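Residues per chain, in single letters:
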Amino acid sequence: MTKPILYSYRRCPYAMRARMALKYAGIELEHREIDLRNKPQSMLLVSPKGTVPVLCVDGIILEQSLDIMRWALAKSDPDGWGLVDDSIAQAWIEKNDGPFKILLDQYKYPKRYPDLKSEEVLRAVNELMLLPMEAALQTNLYLLGNNMTWVDVAIFPFIRQFAMVNPEQFDELPFPSIQKWLDQQIESELFHSVMHKHSTWTD
């Protein structure tokens, strides 16, 4: 049997969460690191939308990071990442992948949004995402309880990206539980294992 093929980009948060789930599930795969400015034709043939991650496995093309995570956990879930209340999990993911991702882009690329004030964007981020996360993490070790789930892994790369925009400002925010949770994820063996640099794949 041929190994699954994963088209990925190291710094993409969507690709990060897919890689973490695949690694956690023990899926052996062929990693193809792409150049976003020169995407390989082999990837565009199977996924014309041209975004990562893309997983090609058993004649199936999975083009969404959450679908890749679900596929991986269906294969193997040794620590019970998938044992969650689906409605609560979905609410977190819809918030993260929807309005928070929009605010994250506004915060990260202020020159693209000259009509927006950075302090107002930050206030919106706090109200939408960080305050609810802090409240959850003050009660439990992770977002959905005292065991890590796929929701923590799915959201973590985006919070990491937010924190990296202005680390000093992030450190000054009154969210110690988020900072502890984020540091734990960043320092984890799992995260380090999926952040190795790969040579760019060419057809």
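Going by the structure above, here's the rest.
Quick summary incoming for the structure in this document. (Residues numbered from 1 in each chain as written. Predicted model: local features only at pLDDT ≥ 70, side-chain atom pairs only at ≥ 80, totals over all residues. Heavy atoms only, no water.)

Some remarks on the pattern of salt bridges
- Taken as a whole, this structure holds 5 salt bridges when the rule is applied.
- Its salt-bridge partner being Arg 37, residue Asp 35 comes within 3.7 Å of it at the nearest N-O pair.
- Notably, a salt bridge pairs Asp 67 with Arg 70, separated by 3.1 Å at the nearest N-O pair. Placement of the pair is Asp 67 and Arg 70 together in helix α3 (residues 65-75), with a separation of 3 residues, close to one helical turn. (Salt bridge = Lys/Arg side-chain N within 4 Å of Asp/Glu carboxyl O. Helix = DSSP H or I, 4+ residues; strand = E, 2+ residues; numbered from the N terminus.)

Focus on the sheet that holds strand β1 (residues 5-8)
- Pairing is mixed across the open sheet formed by 4 strands, whose spatial order is β2-β1-β3-β4. Whereas interior strands pair on both sides, the edge strands pair on one side only; in this sheet they are β2 (30-33) and β4 (60-62). Sheet twist, expressed as the mean angle between neighbouring strand axes with direction ignored, is 15 degrees.
- Relative to β2, β1 runs parallel, the two sharing 4 bridges. When the sheet's bridge partners are listed, Leu 6 is paired in β2 with His 31.
- Helix α1 (residues 13-24) contacts β1, β2 and β3 (54-57) of the sheet and is inclined by roughly 150 degrees relative to β1.
- The strands touched by α3 within the sheet are β1, β3 and β4, with β3 carrying the most contacts at an inclination of about 40 degrees. (Pairing = 2+ DSSP bridges. Axes fitted to C-alpha atoms, helices over the stretch in contact; angles between N-to-C directions. Contact = heavy atoms within 4.5 Å.)

Side note on a positive patch on the surface
- On the surface, Arg 11, Lys 108, Arg 112 and Lys 197 cluster together into a positively charged patch.
- Following the sequence through the fold, Arg 11 ends up in the loop between β1 and α1.
- For Arg 11, a relative accessible area of 54% gives the class exposed. (Patch = residues over 30% accessible without salt bridge, like charges linked within 9 Å, V, L, I, M, F, W, Y side chains within 5 Å. Areas by Shrake-Rupley, 256 points an atom, 1.4 Å probe, with all protein chains shown as cover. Lys, Arg positive; Asp, Glu negative; His and termini not counted. Charge placed at Lys NZ, Arg CZ, Asp CG, Glu CD. Buried < 20%, exposed > 50% of the residue type's maximum accessible area, 1.4 Å probe, protein only.)

Some remarks on the layout of surface pockets
- Roughly 520 Å³ of volume is contained in the largest pocket.
- The wall of the largest pocket is formed by 22 residues, among which Arg 11, Cys 12, Pro 13, Lys 108 and Gln 161 lie closest to the centre.
- Of all elements in the fold, only α1, α4 (86-108) and α6 (150-165) reach the threshold of two or more residues within the lining of the largest pocket.
- Here the lining of the largest pocket takes 4 residues from α6, the largest share from any one element.
- Taken together, the residues that form the lining of the largest pocket break down as 11 nonpolar, 3 polar and 8 charged.
- As a volume, the second largest pocket reaches approximately 300 Å³.
- Considering the residues around the second largest pocket, the lining is formed by 15 residues, among which Lys 23, Leu 29, His 31, Ser 193 and Val 194 are closest to the centre.
- The element that contributes the greatest number of residues to the lining of the second largest pocket is α1, accounting for 3 residues.
- Split by residue class, the lining of the second largest pocket holds 6 nonpolar, 5 polar and 4 charged. (1 Å grid on protein atoms, 1.4 Å probe; cavity = no way out; pocket = protein on both sides within 12 Å on 5 of 7 lines; lining within 4 Å. Points joined across faces, edges and corners; volume = space filled by probe spheres on them. Nonpolar A, V, L, I, M, F, W, Y, C, P; charged D, E, K, R; others polar.)

Observations concerning the state of the cysteines
- This model, assessed by the stated rule, comprises 0 disulfides.
- The thiol sulfur of Cys 12 is not disulfide-bonded, and the nearest other cysteine sulfur, from Cys 56, lies at 16 Å.
- Owing to a relative accessible area of 15%, Cys 56 belongs among the buried residues under this scheme. (Disulfide = S-S within 2.5 Å.)

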